[in-house]
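# Inside the fold
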There are 2 protein chains.
Amino acid sequence: MKRLMNRVGHYVDFKEDYFSSLLDLPHRIETRRPGEEIVTVGQRIDFVFVIESGWAIRYRILDDGRRQILNFMLPGACFDMMSMASAHSDHAVSAATEVKLRRIKSVDFLKAISGRSELATAFWWVAIQEEAILREQIIRVGRRSAKERVAHLILELNRRVAAVEGELKDFIDLPFPQALFADALGLSVVHVSRTLTKLKAEGFISTGGEGIKILMREEMAEMCDFDSRYLHLERLKLG
Amino acid sequence: MKRLMNRVGHYVDFKEDYFSSLLDLPHRIETRRPGEEIVTVGQRIDFVFVIESGWAIRYRILDDGRRQILNFMLPGACFDMMSMASAHSDHAVSAATEVKLRRIKSVDFLKAISGRSELATAFWWVAIQEEAILREQIIRVGRRSAKERVAHLILELNRRVAAVEGELKDFIDLPFPQALFADALGLSVVHVSRTLTKLKAEGFISTGGEGIKILMREEMAEMCDFDSRYLHLERLKLG
DNA sequence: CGCGGGTTTGAATGAGTTCAATCACGGTGG
DNA sequence: CCACCGTGATTGAACTCATTCAAACCCGCG
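Just so you know, these numbers come straight off a predicted model, no measurement behind them. (Residues numbered from 1 in each chain as written. Chains lettered and ligands numbered in written order. Predicted model: local features only at pLDDT ≥ 70, side-chain atom pairs only at ≥ 80, totals over all residues.)

## Let's talk about the overall build of chain A
Regarding its fold elements, chain A presents eight helices and eleven strands. Over its C-alpha trace chain A gives a radius of gyration of 18 Å, about what one expects of a compact globule, namely 18 Å for 239 residues. Projected onto the principal axes, the alpha-carbon positions of chain A cover approximately 55 × 45 × 30 Å. Across the 239 residues in chain A, those meeting the buried criterion constitute 39%. Looking at chain A alone, contacts between residues at least 24 apart form 76% of all its contacts between residues at least 6 apart. (Helix = DSSP H or I, 4+ residues; strand = E, 2+ residues; numbered from the N terminus. Rg over C-alpha atoms; globule rule 2.2 N^0.38 Å. Buried ≥ 20, exposed ≤ 12 C-beta atoms within 10 Å, placed from the backbone. Contact = placed C-beta atoms within 7 Å.)

Structure below.
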């Protein structure tokens with residue numbers, strides 16, 4: 001919840017008690033192991049989830065097993081606020097890593113924010129940002145080369161982690177297999193591996209442990225046409 | 001405006017006077033010729049647009065000229081409700097055909113729907129549907145073959161036109177060049193042409209005039225894995 | 001030590017692109 | 001009325017980027 005506050009706090013003048021009402025909401029804390037489902041296709045959506053820790057993915061599986069990841073969801077992510085009751089999910093959500101999440105009834109959540117216009121505005125901004133991320137994903141898989149795609153996604157995730165942690169680092173933890181990158185970018189695992197190797201050879205990044213170090217942020221952003229403005233983090237002072 | 005009513009009317013029990021308040025809102029009617037811009041990149045968004053007639057596209061141009069169309073917007077489309085004041089557009093909107101549009105100040109629009117919860121709910125549904133269309137677009141360009149992409153988009157547009165016109169036809173008017181299809185699907189114009197030829201040869205569709213006739217809807221939907229449920233038209237009785 | 005998940009590498013294949021030429025068609029001017 | 005454009009659609013041939021398949025590799029773990 002602290003991370004959600006970090007994130008949402010960028011959009012409103014932060015006051016602790018705005019959030020206390022959210023914290024006090026009736027809820028359940030659940031955990032999922034890597035690969036376990038959180039929301040299944042066709043499920044009725046009457047809960048809002050908040051990711052307390054860990055990474056999740058939103059995706060769809062086609063009949064023959066192809067998988068497209070729509071978006072990565074990291075700590076502080078908050079879904080599905082939009083859908084509300086009486087909609088059925090047309091895609092699934094599952095855990096990429098070990099995940100801890102808070103489950104709140106949609107009605108309770110909506111009641112809590114509807115009274116407080118600052119909070120409502122903040123979550124409105126989160127929804128706008130979410131949609132911008134989806135649009136950027138379309139551009140990425142639709143019109144960018146493999147090299148650009150991989151670099152662009154790395155930079156996006158790096159920024160989004162920064163928005164949650166409050167500081168922009170040159171290292172991103174990616175505690176999940178490259179297959180997730182492949183399915184997010186519409187590439188094969190093999191080609192993701194080759195592309196990462198090339199990015200390393202060209203000095204943009206280096207890998208070590210379960211993450212990636214960004215060595216030449218400027219040049220890399222230039223190369224893959226990454227412009228962080230779409231993430232709407234302007235209130236953040238990350239340089 | 002009639003088309004917007006058609007569309008939105010699926011989600012609430014239709015009452016003429018819900019909409020009269022929208023019709024009476026201060027507005028300007030504008031027209032754009034094919035190719036002319038409606039919203040430019042970086043522009044501050046404090047207007048809601050309603051397409052009265054014609055087709056528009058939402059897209060982004062990359063530095064080297066590559067273009068990715070994010071979504072087609074057809075008569076009855078209503079944007080950008082989400083963004084509200086103080087956001088800058090990270091993509092452009094322009095006319096695909098001759099377009100007539102209604103421009104309403106965001107504040108006026110929001111005031112008008114905020115009082116009437118049925119209207120607010122209806123536009124909420126429109127926003128949900130819009131987002132589902134974006135997600136489907138990601139899956140289309142990310143994990144489908146050229147043949148599947150083209151077929152899938154044809155079926156989607158067909159359904160969306162039906163939602164506006166109130167009846168599902170086997171013929172779709174597509175009064176714009178194939179280049180738009182290409183840029184929407186992340187393909188080259190040449191390959192779109194080849195793919196359409198193949199779809200014709202296999203008996204799925206036929207072309208004539210400025211449109212496409214769907215000859216084997218079932219088989220085609222099966223082939224490209226099209227499931228109209230994501231469009232959230234359930235209240236529509238289109239079979 | 002040996003197993004297993006995940007990554008890397010190589011070689012062959014394939015889907016889609018690019019470039020260039022041709023075609024089809026509607027509009028315009030002589 | 002017809003020749004001439006210009007835009008967009010189609011076709012062919014060469015090429016490229018990414019996929020597929022298969023083997024090797026790496027490393028943490030029982």
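## Some details on the protein's contact with DNA strand C
For DNA strand C, the set of nearby residues contains 15 residues, the closest of which are Ser193 of chain A together with Ala146, Ser188, Val190 and His191 of chain B. The set of elements that each furnish at least two residues to the surface near DNA strand C consists of α6 (178–185) and α7 (189–201) of chain A together with α7 (189–201) of chain B. In terms of residue count, α7 of chain A provides more of the surface near DNA strand C than any other element does, six residues in total. Looking at side-chain class alone, the surface near DNA strand C contains eight nonpolar, six polar and one charged residues. (Near = placed C-beta within 6 Å. Nonpolar A, V, L, I, M, F, W, Y, C, P; charged D, E, K, R; others polar.)

## Points about α7 of chain A
Residue and element names in this part refer to chain A. With 13 residues, α7 should reach 18 Å at 1.5 Å per residue; the first-to-last C-alpha distance of 18 Å fits that figure. For α7, the set of buried residues is Val192, Thr195, Leu196 and Leu199. Seen end-on, α7 carries its buried residues on one side only, within an arc spanning 100°. For α7, exposure combined with an orientation more than 90 degrees from the buried face picks out Val190, Thr197 and Ala201. Tucked inside the fold, the buried residues of α7 contact α5 (146–165), α6 and β10 (205–208). One or two residues past the end of α7 sits Gly203, with phi positive at roughly 85°. (Expected span 1.5 Å × (residues − 1). Arc of directions from axis to C-beta.)

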